[in-house]
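So the chains spell out like this:
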Amino acid sequence: MLAKTLFYPYNYQNMKRYSLRRFFFKNIFRSIVQLAFVAAMVVIIWLILGFTGAHNICPWTIVEVPILVLRAGVGFFFIWGMIIGAAGIVMTCFYPRIFCGWFCPLGTLFEFIGDIGIKLHISSKRIPHWLNERMRVFSIGVLIFLVLGTIVRGTLVCTIACPAFWICAAWKISVPIITVLFLLCWFILSIRVKRGFCRYVCPYGALTSFFVPISIHAIGKNLEVCNNCGLCAQACPMGIDFNVAFVVKSKHCIGCGDCLKSCPKDAFSWISRKSSR
Ligand code: SF4
Ligand code: SF4
Ligand code: SF4
């Protein structure tokens, strides 16, 4: 009972029923957008760019390429990746991390894996809010490590553990054992914790999260109509705790809108972050 109270601050029975009922298509419009971008990525990489093409459209290149340009004195490359990376940051200035919530194919994959974990009842219990928020520091560590690694090595050091690169390249080149171990970790993490990779590992997610506090919009919750059913907490793919405030300030928020879709009382809406201060 104590564990339930700690991990499920809302109505536990409702949440349990919800987790049995839901599977991927809970927010149809977002799912369509996500699947469209997955399909576009498959076509662009496999048919146009080739098996190492993940680099060309990876938003993380917004950090790595300028470092390599400065270090090696070469011209800019992976231009599309840098444009996508910059677009993700600009979008975050309007809505929190919506590149992650709506467009990133890797995020879609990890969300889907997390849904399978829920369906198979092998996902972990809800991570306590304080721990979920603090574990974001690991992704910041990954970001710093990759920046320093790129400066020191002068190469794309991210390749060693990048799931996007190896999903495309594993069919063509042999995968180093250390990479296999990393990918296994990301897979197990994401099946146990929905979007675990996005929450605690991804360096681009860590980068965009720094811009969340300046995003114009935020999710607001009307505490007066809420009946504490807990469906919103169960729906949130980033494990955000709605019990603590009426404005979602968490840097984990990916602007997916699943909390809005899940609430039977229409308690959620997009509000101006400025007006809520
Ligand atoms: S955190 Fe990284 S992997 Fe996850 S959706 Fe955002 S960019 Fe994609
Ligand atoms: S905000 Fe809506 S979904 Fe969340 S606990 Fe309250 S009534 Fe339920
Ligand atoms: S708070 Fe709402 S919009 Fe933000 S990640 Fe959670 S469900 Fe998505």
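Residues numbered from 1 in each chain as written. Chains lettered and ligands numbered in written order. Predicted model: local features only at pLDDT ≥ 70, side-chain atom pairs only at ≥ 80, totals over all residues.

What to know about the overall build of the protein chain
Helix and strand counts for the protein chain stand at 15 helices and two strands. Among the 277 residues that make up the protein chain, the fraction classed as buried is 41%. Considering only contacts within the protein chain whose residues lie at least 6 apart along the sequence, 76% involve residues at least 24 apart. (Helix = DSSP H or I, 4+ residues; strand = E, 2+ residues; numbered from the N terminus. Buried ≥ 20, exposed ≤ 12 C-beta atoms within 10 Å, placed from the backbone. Contact = placed C-beta atoms within 7 Å.)

Section: the nonpolar core
Residues Ala54, Ala164, Phe165, Cys232, Cys236, Cys253 and Cys259 are the most contacted members of the largest nonpolar core, which totals 62 residues. Excluding residues within four positions of it along the chain, Phe165 makes contact with Ala54, His55 and Thr159. (Core = buried A, V, L, I, M, F, W, Y, C linked by C-beta atoms within 7 Å.)

With respect to the site of ligand 3
The local shell around ligand 3 holds 13 residues, among which Cys236, Cys253, Cys256, Asp258 and Cys259 are the closest. Looking at the shell around ligand 3 residue by residue, the class counts come to ten nonpolar, two polar and one charged. (Near = placed C-beta within 6 Å. Nonpolar A, V, L, I, M, F, W, Y, C, P; charged D, E, K, R; others polar.)

Considerations on helix α5 (residues 79-92)
Helix length check: α5 (14 residues) gives 20 Å between terminal C-alpha atoms against 20 Å at 1.5 Å per residue, within 8%. For α5, the full list of buried residues reads Gly81, Met82, Ile84, Gly85, Gly88, Met91 and Thr92. Buried residues along α5 sit in contact with α4 (61-72), α6 (98-103) and α13 (203-209). (Expected span 1.5 Å × (residues − 1).)

Focus: the environment of Val69
Within the element layout of this structure, Val69 appears in helix α4. C-beta crowding within 10 Å serves as the criterion here: with 13 such atoms nearby, Val69 is assigned to the partly exposed category. Considered as a pair, Val69 and Gly154 are 85 residues apart in the sequence and their alpha carbons are 9.4 Å apart. Residues within four places of Val69 in sequence aside, it is in contact with Val74 and Phe76.

Some points on helix α9 (residues 136-153)
With 18 residues, α9 extends 26 Å between its outermost C-alpha atoms, agreeing within 8% with the 26 Å of an ideal straight helix rising 1.5 Å per residue. Contacts made by the buried residues of α9 are with α4, α12 (196-200) and α13. Gly154 occupies a position one or two residues after α9 and carries a positive phi of about 70°.

Some words on the packing of α4 against α9
For the pair α4 and α9, the least separation of the axes is 9 Å and the interaxial angle reads 25°. The angle between the axes of α4 and α9 places the two elements in the roughly parallel class. The handedness of the crossing between α4 and α9 comes out as right-handed. Judged by residue contacts, Val63, Glu64, Ile67, Leu68 and Arg71 of α4 engage Val147, Thr150 and Ile151 from α9. Within the contact of α4 with α9, the residues separate by chemical class into five nonpolar, one polar and two charged. (Axes fitted to C-alpha atoms, helices over the stretch in contact; angles between N-to-C directions. Parallel < 35°, antiparallel > 145°, perpendicular 65-115°, else oblique. Left-handed = near helix turned anticlockwise from the far one by under 90°.)

Overview of the confidence of the model for the protein chain
Per-residue confidence for the protein chain gives a mean pLDDT of 87; residues scoring 70 or more make up 90%. This model gives residues 1-24 a pLDDT under 50, and the stretch forms 31 contacts once residues within four places in sequence are excluded. (pLDDT = per-residue confidence, 0-100.)

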